[in-house]
Each structure stands twice: as structure tokens, then as C-alpha cells.
Amino acid sequence: MVSRFPNPVDVFVVGGGPAGLATAIAARRHGLSVVLADGAVPPIDKPCGEGLMPDGVEALHQLGIKIPEGEAYPFRGIRFVSDGTKAEAAFPRGTAYGIRRTNLHRILLEHAAAAGVHMLWQAAVTGLHPEGALVAGELARARWVVGADGASSRVRGWAKLDRHELDTSQEKNRRFGFRRHYRVAPWSDFMELHWGRHCQIYVTPVSREEVCLALISSSPKLRLRIDDALGEFPELCARLEDAEHASSERGAITVTRRLRRVYRGRTVLVGDASGGVDAITGEGLCLGFRQAALLGDCLASGDLAHYQKGHRTLIRRPARMARMMLFMAKHSHLRQRTMQVFQSSPRSFAGMLAMHVGEGSARDHISSGIALGWELLKA
Ligand SMILES: Cc1cc2nc3c(=O)[nH]c(=O)nc-3n(C[C@H](O)[C@H](O)[C@H](O)COP(=O)(O)OP(=O)(O)OC[C@H]3O[C@@H](n4cnc5c(N)ncnc54)[C@H](O)[C@@H]3O)c2cc1C
């Protein structure tokens, strides 16, 4: 039988989601030969809030990827809505996009093809091998194997990197997400985050006639789905009442996971496979793109210890934001006080948003934090 993989390659990427495709592109930019395999068929959809923050757009630019006009819908900031209180701020710099996952996937795939990545679809990877990876049992030889196979990564388990989790309580760190698209003209050029008692709902404008709604909740016992949750948000309900569904409801789990190690031998993890932050941050894509760029450099230099160090640094800010937002989600009294402060002092919300998207110095962030703390004490 003729092998599909006659020659060894530099990099074999398991998973052709955003992080896998971005890593493949980054590795090709260094002249490495790359094969990527995914069990699904493109364009790949995935439950997501579909918000790409300005730092994510910037991370894509650094990989030579621009979002073509018409493929996404720009928005200029974030609006929090909680119990009748609203606070909003524009991003200090750059534009964010609401982008359908299928559009994002197609754009990344086209760039990967143009960069010379050899892609295999409907090609599930079934295991690791001392010389590479197994695609449906067939050996693909590679110097490096990149696990970009998402939050439930099997590569992570095969490489025994699961043993290096810092947060072992998966139950505590697991939350439940659902998304659905509605055919309605966006009513705002902000991405909205609606805070409820047991859940949060993101509304992201993704085109001139469509918004993406993503629900995130904590308790599996509640079995909260979009239609039930909307009852808690009369304003949203009214806006969406007559809107046609443009997609069916799809669910996914979002997990906060930190790994002590993200590589072992020739196997290295990227994107959600390498750990991640709660979806409430809207930073998963950006984090994956930044890790991909760094991993491309480190694969070229053969220095995965450097990747591990950089990976730890990259996850720090989104992890801090996730902790803060989850704290707000859990403590409704504190959330209301914070919302009042944000509403009466828009600068404090703008400061938090700047921190969220990585703008400003550490000093700015500390003074924003102190100012917010002071306002909370006074409220
Ligand atoms: C409800 C929700 C809302 C979110 N909202 C946002 C948001 O607004 N903004 C944001 O930036 N992030 C958001 N995120 C996070 C974001 O979706 C993820 O961080 C991102 O999809 C991670 O990309 P990835 O490529 O690492 O993994 P994935 O997108 O999961 O891709 C993994 C790929 O690996 C493939 N695969 C798996 N196993 C194998 C195998 N054995 N062989 C071959 N292929 C395999 C899969 O088919 C898949 O294509 C949200 C997440 C959730 C759950």
C-alpha cells in the first residue's frame, strides 16, 4: 500500500481549528514543512461568542492575516448590562470583529493553503508514535507533533501532559456554553455582556443582519438553555422576539485549565489543548493566535523550553481577567456595586477594558485597580 506520508516533515499539527491553522501558518513562515490533520470537514463551526478583540486582530496581523471586508462586523467596545444598569467603553485602540466561526475558519484555511501547509480533512489522529503521529493507524513521521486538538485534547493525554494540571478540580472549573445566531440588524456597535443570576449572555454583532448570542452558565443541574435563560433578560427578549434563528443551538464546555508543562519530548500543545481561560473573557482566540506565533518561532529554533516560558506569560493576563469576571458573576451584590461605579465613572470601566485587551502599562493597570477599589469602597 502506498503511504500518504512517504517523507518525514518538520511539523505535524493535530487539529485544524484556529490555533492549529495559525501554528501551521507560523511554522511555514519559518520555512518548516507542515502537515495538518483534522477529523472534521471544513469550514469547521464551533460554539463560540465569535468576538475577536483588538489584540486578537493584532495577533492575526502579526501572522500576516487580515480579515477581509464583508467577512466580519466591526464593533468598537464592550457594554455590560446588569439589573437595569449599563456601562460601556470603547477599546483604547484598534477594532474588534464579530466573525462567524465558519468565516474565520475559511480565512485561516485559505492562508494556510497559500502558505503551503499540507492539510488533511476527515483525518482523525489516533495516537502518537516515537517517530511522529498516527493518522487512522498510518504513521506520519515528523520532527515535532503539535497538539491543537481543543479543550478535550487527546494528544494531551497521550503525551501524559494531563498529569501536570495545576487546577485539579475540573468540576469547579467547568462551565457550559450554548450559542445561536439570530437574523436581526445589530442594535449596537458594542459587544454586549448581559449578567444574570446564574448565567451570562454575550451578544456579538457578526454581520449587518445577524447577531450571535452565547450563553455561559455554571451549574449542570440547571440544564440552562438559551430559551430558558432569555426569560431573565426582558430587554434582550424583546429585541429577539421576532428574529428568525439563523443557526441551531449548539453547546460546548468551557474549562479553565492550567498546565505546568505544555511539551514533552517532541510533542507540544497549543490553543485550548494547552489549557485555557473561561469563555467569559472572549480571549480564547487571541490567546491561541499569540501562542501559535510564539510556537512557530520556537519550533524553528528548536527551543520548546522558551515556548513553555512564554506560554505561561501569555496566559497570565487573560487568567487574571477571567478570575475577576467570574468573581463578579458569582457575587451579585459586588457586581451591582461595581456596575454602579462603572456607570458613574466611565474612566474606571475604560481602564478595565484597556487592561483586558493588553493596552497600557503595568503601572496604569495598578492605578486603575486602586481607583476602582477606592470607588467601590465609597459606593
Ligand atoms: C461558549 C463559548 C464562547 C466563546 N466565545 C469566545 C469569544 O467570543 N472569543 C474568543 O476569542 N474565544 C471564545 N471562546 C473560546 C474559543 O472558542 C476557543 O478558545 C477556540 O476555539 C480554541 O481554538 P483551538 O483551535 O485551540 O480549538 P478548537 O477550536 O476546539 O479546534 C480543535 C480542532 O481539533 C480537531 N480535533 C480534535 N481531536 C482531533 C483528532 N484526534 N484528530 C484530528 N483532529 C482533531 C477538531 O475537529 C477541531 O477542529 C468561546 C468558547 C466557548 C465554549
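Structural data are supplied above this passage.
What counts, and at which threshold
- Residues take numbers from 1 onward in each chain, read along the sequence in its written order.
- Owing to the predicted nature of the model, reporting of local features is limited to residues with pLDDT of at least 70; listing and counting of side-chain atom pairs is limited to 80 or more, with chain, interface and lining totals taken over all residues.
- The basis for every side-chain value is the complete set of heavy atoms in the structure, and neither hydrogens nor water enter the calculation.
- Think of it this way: DSSP has to see at least two bridges between two strands before they count as a pair.
- Only DSSP runs of H or I reaching four residues or more are called helices, and only runs of E reaching two or more are called strands; each is numbered from the N terminus.
- Patches here: salt-bridge-free residues with over 30% relative accessible area, like charges joined within 9 Å, nonpolar side chains (Val, Leu, Ile, Met, Phe, Trp, Tyr) joined within 5 Å.
- Every accessible area reported is derived by Shrake-Rupley at a probe size of 1.4 Å, with residue values counting cover from the shown protein chains alone.
- Take a side-chain nitrogen of Lys or Arg and a carboxyl oxygen of Asp or Glu: if they are within 4 Å of each other, that pair is a salt bridge.
- This count recognises Lys and Arg as positive and Asp and Glu as negative, with His and chain-terminal groups excluded.
- By convention, charge coordinates are those of NZ in Lys, CZ in Arg, CG in Asp, or CD in Glu.
- With a 1.4 Å probe rolled over the protein chains alone, any residue whose accessible area is under 20% of its type maximum counts as buried; one over 50% counts as exposed, and the rest are partly exposed.
- To define a nonpolar core, start from buried Ala, Val, Leu, Ile, Met, Phe, Trp, Tyr and Cys residues and group those joined through side-chain atoms within 4.5 Å.
- It only takes one pair of heavy atoms within 4.5 Å for two residues to be counted as in contact.
- Fitted lines through C-alpha atoms give the axes, limited to the stretch in contact for helices. The angle between two N-to-C directions lies from 0 to 180 degrees.
- Angle categories are assigned with fixed cut-offs, so that under 35 degrees is roughly parallel, over 145 is roughly antiparallel, 65 to 115 is roughly perpendicular, and the rest are oblique.
- Take the far helix as the reference: if the near one is turned anticlockwise from it by less than a right angle, the crossing is left-handed, and if turned clockwise, right-handed.
- Three residue categories are used. Nonpolar comprises Ala, Val, Leu, Ile, Met, Phe, Trp, Tyr, Cys and Pro, charged comprises Asp, Glu, Lys and Arg, and polar comprises the others, including Gly.
- As defined here, a cavity is a set of points on a 1 Å grid over the protein atoms alone where a 1.4 Å probe fits but cannot get out. A pocket is an open set with protein on both sides within 12 Å along at least five of seven lines, and residues line them when an atom is within 4 Å of a point.
- Grid points are joined across faces, edges and corners, and a volume is the space filled by probe spheres set on the points.
- By convention in these notes, a residue is near a molecule or strand provided one of its non-hydrogen atoms lies within 4 Å of it.
- A 3.5 Å cut-off defines polar contacts: any pair of N or O atoms within that distance qualifies, except that in protein one atom must be a possible hydrogen donor and the other a possible acceptor, and neighbouring residues in sequence count only when both atoms are side-chain atoms.

Trainee: Looking at this structure, how should I read the sheet that holds strand β7 (residues 96-98)?
Mentor: Paired through their backbone hydrogen bonds, the strands of a sheet run either parallel or antiparallel. Here three strands make up an open sheet; going across it, the order is β3-β7-β4 and the pairing antiparallel. The outermost strands of the open sheet, each flanked by one partner alone, are β3 (51-52) and β4 (73-75). Here β4 pairs with β7 via three bridges, running antiparallel. Among the inter-strand pairings, Y73 is bridged to a residue of β7, identified as G98.

Trainee: What's the story with a positive patch on the surface in this structure? I'm lost.
Mentor: Together, R260, R312, R316, R320 and R323 make up a positively charged patch on the protein surface. When you line up the elements, R323 lands in helix α9 (residues 304-330). Owing to a relative accessible area of 53%, R323 belongs among the exposed residues under this scheme.

Trainee: Help me out: how do you make sense of the nonpolar core in this one?
Mentor: Nonpolar side chains in soluble globular proteins tend to end up buried together. Membership of the largest hydrophobic core comes to 63 residues, with the highest contact counts inside it found for V11, F12, F289 and L299. Sequence-distant contacts of F12, that is, excluding residues within four places in its chain, are made with V35, A37, V125, A133, V135, A140, A142, W144, V145 and V146. Formed by 26 residues, the second largest nonpolar core is a distinct cluster that contains F75, A87, A89 and W195.

Trainee: I'm lost on the packing of helix α2 (residues 54-62) against helix α8 (residues 284-301) in this one. Help?
Mentor: Helix packing for two helices is described by the angle between their axes and how far apart those axes are. Where α2 meets α8, the axes come as close as 8 Å, and the angle between the chain directions of the two elements is 25°. Viewed along their axes, α2 and α8 adopt a mutual orientation that is roughly parallel. Once α2 is placed against α8, the crossing between them reads as left-handed. Contacts from D55, G56, A59 and L60 in α2 reach C286, F289 and R290 in α8. Residues of the contact of α2 with α8, tallied by class, amount to four nonpolar, one polar and two charged.

Trainee: Can you walk me through empty space enclosed by the protein in this structure?
Mentor: One way to see where empty space is left: roll a probe the size of a water molecule over the atoms. Throughout the structure, instances matching the rule amount to two cavities of 30 Å³ or more. The computed volume of the largest cavity comes to approximately 50 Å³. Every residue lining the largest cavity is listed: M53, I78, F80, Y202, T281, M325, M352, L353 and H356. Put simply, the parts of the chain that give the lining of the largest cavity at least two residues each are β5 (77-82) and α11 (346-356). Within this model, the second largest cavity holds a volume of roughly 40 Å³. In this structure, the second largest cavity is lined by P186, W187, S188, F190, E192, V203, T204, P205 and V211. Only β13 (190-195) and β14 (199-207) provide two or more residues apiece to the lining of the second largest cavity.

Trainee: I'm lost on the site of the ligand in this one. Help?
Mentor: Surveying the vicinity of the ligand reveals 32 residues, the closest of which are D38, G49, G51, V125 and L285. Between an oxygen atom of the ligand and a main-chain N or O atom of G282, the distance comes to 3.2 Å. Between the ligand and L285 there is a distance of 2.8 Å, counted from an oxygen atom to a backbone nitrogen or oxygen. A total of 1,000 Å² of accessible area belongs to the ligand in isolation, and the protein chains cover 88% of it.

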